[in-house]
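Fold and geometry: a report
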Amino acid sequence: MRIAVGSDHAAFDMKDPIIAFIRSLGHEVIDLGTNSDDRVDYPDYADLVARRVAAGEADRGVLLCGTGIGMALTADKVPGIRAAAIQTPEFAELFRAHNDGNVICLSGRFVSLETNEAVVRAFLETEHEGGRHALRVEKIMREDDPSFEGVQLG
Ligand code: RB5
(Lines give C-alpha, C1' and ligand atoms only; values in the text may rest on other atoms or scores of the structure.)
Protein backbone atom coordinates (compact mmCIF):
# COMPACT_ATOMS: atom_id res chain seq x y z
CA MET A 1 0.00 0.00 0.00
CA ARG A 2 0.92 3.64 -0.30
CA ILE A 3 1.03 5.27 3.14
CA ALA A 4 1.06 9.05 3.70
CA VAL A 5 2.93 10.05 6.87
CA GLY A 6 3.01 13.38 8.69
CA SER A 7 4.25 14.60 12.04
CA ASP A 8 4.60 17.77 14.05
CA HIS A 9 7.71 18.79 15.99
CA ALA A 10 6.58 16.97 19.14
CA ALA A 11 6.86 13.56 17.45
CA PHE A 12 9.54 14.42 14.90
CA ASP A 13 12.09 12.04 16.50
CA MET A 14 9.69 9.15 15.97
CA LYS A 15 8.73 9.96 12.37
CA ASP A 16 11.78 8.48 10.61
CA PRO A 17 11.80 5.24 12.66
CA ILE A 18 8.07 4.78 11.94
CA ILE A 19 8.66 5.44 8.23
CA ALA A 20 11.48 2.87 8.22
CA PHE A 21 9.19 0.39 9.96
CA ILE A 22 6.37 0.94 7.44
CA ARG A 23 8.85 0.43 4.58
CA SER A 24 10.17 -2.74 6.25
CA LEU A 25 6.62 -4.13 6.00
CA GLY A 26 6.78 -3.64 2.23
CA HIS A 27 4.77 -0.43 1.86
CA GLU A 28 5.53 2.74 -0.05
CA VAL A 29 5.71 5.93 2.06
CA ILE A 30 4.83 9.50 1.08
CA ASP A 31 6.64 11.65 3.68
CA LEU A 32 4.76 14.93 4.04
CA GLY A 33 6.95 16.35 6.83
CA THR A 34 7.68 18.03 9.11
CA ASN A 35 11.39 17.86 8.46
CA SER A 36 12.92 19.28 11.63
CA ASP A 37 12.03 19.79 15.28
CA ASP A 38 11.19 23.46 14.69
CA ARG A 39 7.73 24.26 16.05
CA VAL A 40 4.91 23.75 13.57
CA ASP A 41 1.11 23.50 13.81
CA TYR A 42 -0.16 19.92 13.80
CA PRO A 43 -3.39 20.76 11.90
CA ASP A 44 -1.33 21.63 8.82
CA TYR A 45 0.22 18.15 8.68
CA ALA A 46 -3.05 16.40 9.52
CA ASP A 47 -4.64 18.24 6.60
CA LEU A 48 -1.85 17.29 4.17
CA VAL A 49 -2.08 13.60 5.03
CA ALA A 50 -5.86 13.38 5.29
CA ARG A 51 -6.40 15.04 1.92
CA ARG A 52 -4.00 12.61 0.23
CA VAL A 53 -5.97 9.70 1.66
CA ALA A 54 -9.36 11.25 0.83
CA ALA A 55 -8.20 11.86 -2.76
CA GLY A 56 -7.10 8.23 -3.14
CA GLU A 57 -3.47 9.29 -3.63
CA ALA A 58 -2.60 7.31 -0.50
CA ASP A 59 -4.31 4.15 0.77
CA ARG A 60 -3.89 5.01 4.45
CA GLY A 61 -2.42 7.76 6.61
CA VAL A 62 -0.20 7.70 9.67
CA LEU A 63 0.07 10.89 11.74
CA LEU A 64 2.22 11.60 14.77
CA CYS A 65 2.07 14.39 17.33
CA GLY A 66 2.56 14.70 21.08
CA THR A 67 -0.63 12.82 21.93
CA GLY A 68 -2.13 11.94 18.53
CA ILE A 69 -5.30 13.75 19.62
CA GLY A 70 -4.94 17.01 17.70
CA MET A 71 -4.02 15.14 14.55
CA ALA A 72 -7.11 12.94 14.89
CA LEU A 73 -9.43 15.87 15.56
CA THR A 74 -8.21 17.62 12.42
CA ALA A 75 -7.92 14.66 10.05
CA ASP A 76 -11.39 13.41 10.95
CA LYS A 77 -12.93 16.66 9.68
CA VAL A 78 -11.74 15.97 6.14
CA PRO A 79 -14.60 14.28 4.23
CA GLY A 80 -13.90 10.61 3.64
CA ILE A 81 -11.58 10.26 6.61
CA ARG A 82 -12.02 8.03 9.64
CA ALA A 83 -9.20 8.99 12.00
CA ALA A 84 -8.50 8.13 15.63
CA ALA A 85 -5.73 8.50 18.19
CA ILE A 86 -4.64 4.95 19.04
CA GLN A 87 -2.22 3.76 21.74
CA THR A 88 -2.48 -0.04 21.70
CA PRO A 89 -2.27 -2.75 19.02
CA GLU A 90 -5.60 -4.15 20.21
CA PHE A 91 -7.36 -0.85 19.56
CA ALA A 92 -5.59 -0.53 16.19
CA GLU A 93 -6.94 -3.95 15.19
CA LEU A 94 -10.50 -3.01 16.17
CA PHE A 95 -10.13 0.39 14.51
CA ARG A 96 -9.60 -1.47 11.24
CA ALA A 97 -11.88 -4.48 11.80
CA HIS A 98 -14.91 -2.55 13.06
CA ASN A 99 -14.44 1.09 12.03
CA ASP A 100 -12.52 0.69 8.75
CA GLY A 101 -10.21 3.45 9.96
CA ASN A 102 -8.03 5.00 7.28
CA VAL A 103 -5.85 7.43 9.26
CA ILE A 104 -4.18 6.42 12.52
CA CYS A 105 -2.75 9.03 14.88
CA LEU A 106 0.15 8.10 17.15
CA SER A 107 1.55 9.68 20.28
CA GLY A 108 5.24 10.46 20.04
CA ARG A 109 5.46 11.66 23.65
CA PHE A 110 3.60 9.05 25.67
CA VAL A 111 3.91 5.81 23.69
CA SER A 112 7.16 3.96 23.01
CA LEU A 113 8.49 3.31 19.51
CA GLU A 114 8.09 -0.44 20.09
CA THR A 115 4.40 -0.07 20.95
CA ASN A 116 3.80 2.37 18.09
CA GLU A 117 5.36 -0.14 15.69
CA ALA A 118 2.96 -2.82 16.93
CA VAL A 119 0.09 -0.34 16.54
CA VAL A 120 1.14 0.48 12.97
CA ARG A 121 1.54 -3.20 12.08
CA ALA A 122 -1.99 -3.96 13.31
CA PHE A 123 -3.33 -0.92 11.45
CA LEU A 124 -1.72 -1.99 8.18
CA GLU A 125 -2.35 -5.72 8.43
CA THR A 126 -5.96 -5.92 9.70
CA GLU A 127 -8.83 -6.06 7.21
CA HIS A 128 -12.21 -4.47 7.77
CA GLU A 129 -14.69 -7.18 8.81
CA GLY A 130 -17.59 -5.79 6.79
CA GLY A 131 -21.02 -7.25 7.60
CA ARG A 132 -22.83 -5.41 10.37
CA HIS A 133 -19.79 -3.18 10.82
CA ALA A 134 -20.02 -1.96 7.21
CA LEU A 135 -23.53 -0.62 7.84
CA ARG A 136 -22.26 1.30 10.88
CA VAL A 137 -19.36 2.71 8.88
CA GLU A 138 -21.89 3.92 6.29
CA LYS A 139 -23.71 5.63 9.14
CA ILE A 140 -20.49 7.32 10.27
CA MET A 141 -19.91 8.64 6.79
CA ARG A 142 -23.37 10.19 6.34
CA GLU A 143 -22.10 12.89 8.73
CA ASP A 144 -19.90 14.08 5.83
CA ASP A 145 -23.00 14.83 3.76
CA PRO A 146 -24.20 18.43 4.25
CA SER A 147 -27.70 17.38 3.19
CA PHE A 148 -27.95 14.78 6.00
CA GLU A 149 -30.47 16.21 8.45
CA GLY A 150 -29.64 14.05 11.46
CA VAL A 151 -30.99 10.90 13.07
CA GLN A 152 -34.64 10.61 14.08
CA LEU A 153 -35.03 7.60 16.37
CA GLY A 154 -38.40 6.23 17.46
C1 RB5 B 1 2.28 20.30 20.48
O2 RB5 B 1 2.86 20.85 21.60
C3 RB5 B 1 1.14 19.38 20.89
O4 RB5 B 1 0.03 20.14 21.28
C5 RB5 B 1 0.77 18.45 19.75
O6 RB5 B 1 1.88 17.70 19.39
C7 RB5 B 1 -0.34 17.45 20.00
O8 RB5 B 1 -0.10 16.69 21.14
C9 RB5 B 1 -1.70 17.98 19.93
O10 RB5 B 1 -2.71 17.26 20.05
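The preceding data block contains the structure.
Interhelical geometry of helix H1 (residues 12-24) versus helix H5 (residues 113-125) gives an angle of 40° and a closest axis separation of 10 Å. What the angle tells us is that H1 and H5 run oblique. Taken as a pair, H1 and H5 cross one another with a handedness that is right-handed. Where H1 abuts H5, its residues Met-14, Pro-17, Ile-18, Phe-21 and Ile-22 lie against Leu-113, Asn-116, Glu-117, Val-120, Arg-121 and Leu-124.

Right, let's talk about the pairing of strand E2 (residues 28-31) for a bit. Pairing analysis gives four bridges linking strand E1 (residues 2-7) to E2, with the strands arranged parallel. Its bridge partner lying in E2, Arg-2 is registered against Glu-28. Read from E1 through H1 to E2, the crossover connection turns out right-handed.

What follows is about the pairing of strand E3 (residues 60-65). Put simply, side chains in a regular strand alternate between the two faces of the sheet. Of all the six residues making up E3, six are buried; the element is thus mostly covered by neighbouring parts of the structure. Here E3 shows a buried face lined by Arg-60, Val-62 and Leu-64 and a second buried face lined by Gly-61, Leu-63 and Cys-65. The pairing of E1 with E3 spans five bridges and is parallel. By the bridge assignment, Gly-6 is partnered in E3 with Leu-63.

Let's shift gears to the side chain of Ser-7. Topologically, Ser-7 is positioned in strand E1. Excluding anything up to four places from it in sequence, Ser-7 contacts Phe-12, Lys-15, Gly-33, Thr-34, Tyr-45, Leu-64 and Met-71.

Conventions adopted
- Residues numbered from 1 in each chain as written.
- Predicted model: local features only at pLDDT ≥ 70, side-chain atom pairs only at ≥ 80, totals over all residues.
- Heavy atoms only, no water.
- Axes fitted to C-alpha atoms, helices over the stretch in contact; angles between N-to-C directions.
- Helix = DSSP H or I, 4+ residues; strand = E, 2+ residues; numbered from the N terminus.
- Parallel < 35°, antiparallel > 145°, perpendicular 65-115°, else oblique.
- Left-handed = near helix turned anticlockwise from the far one by under 90°.
- Contact = heavy atoms within 4.5 Å.
- Pairing = 2+ DSSP bridges.
- Right-handed = clockwise from strand over helix to strand, strands pointing away.
- Buried < 20%, exposed > 50% of the residue type's maximum accessible area, 1.4 Å probe, protein only.

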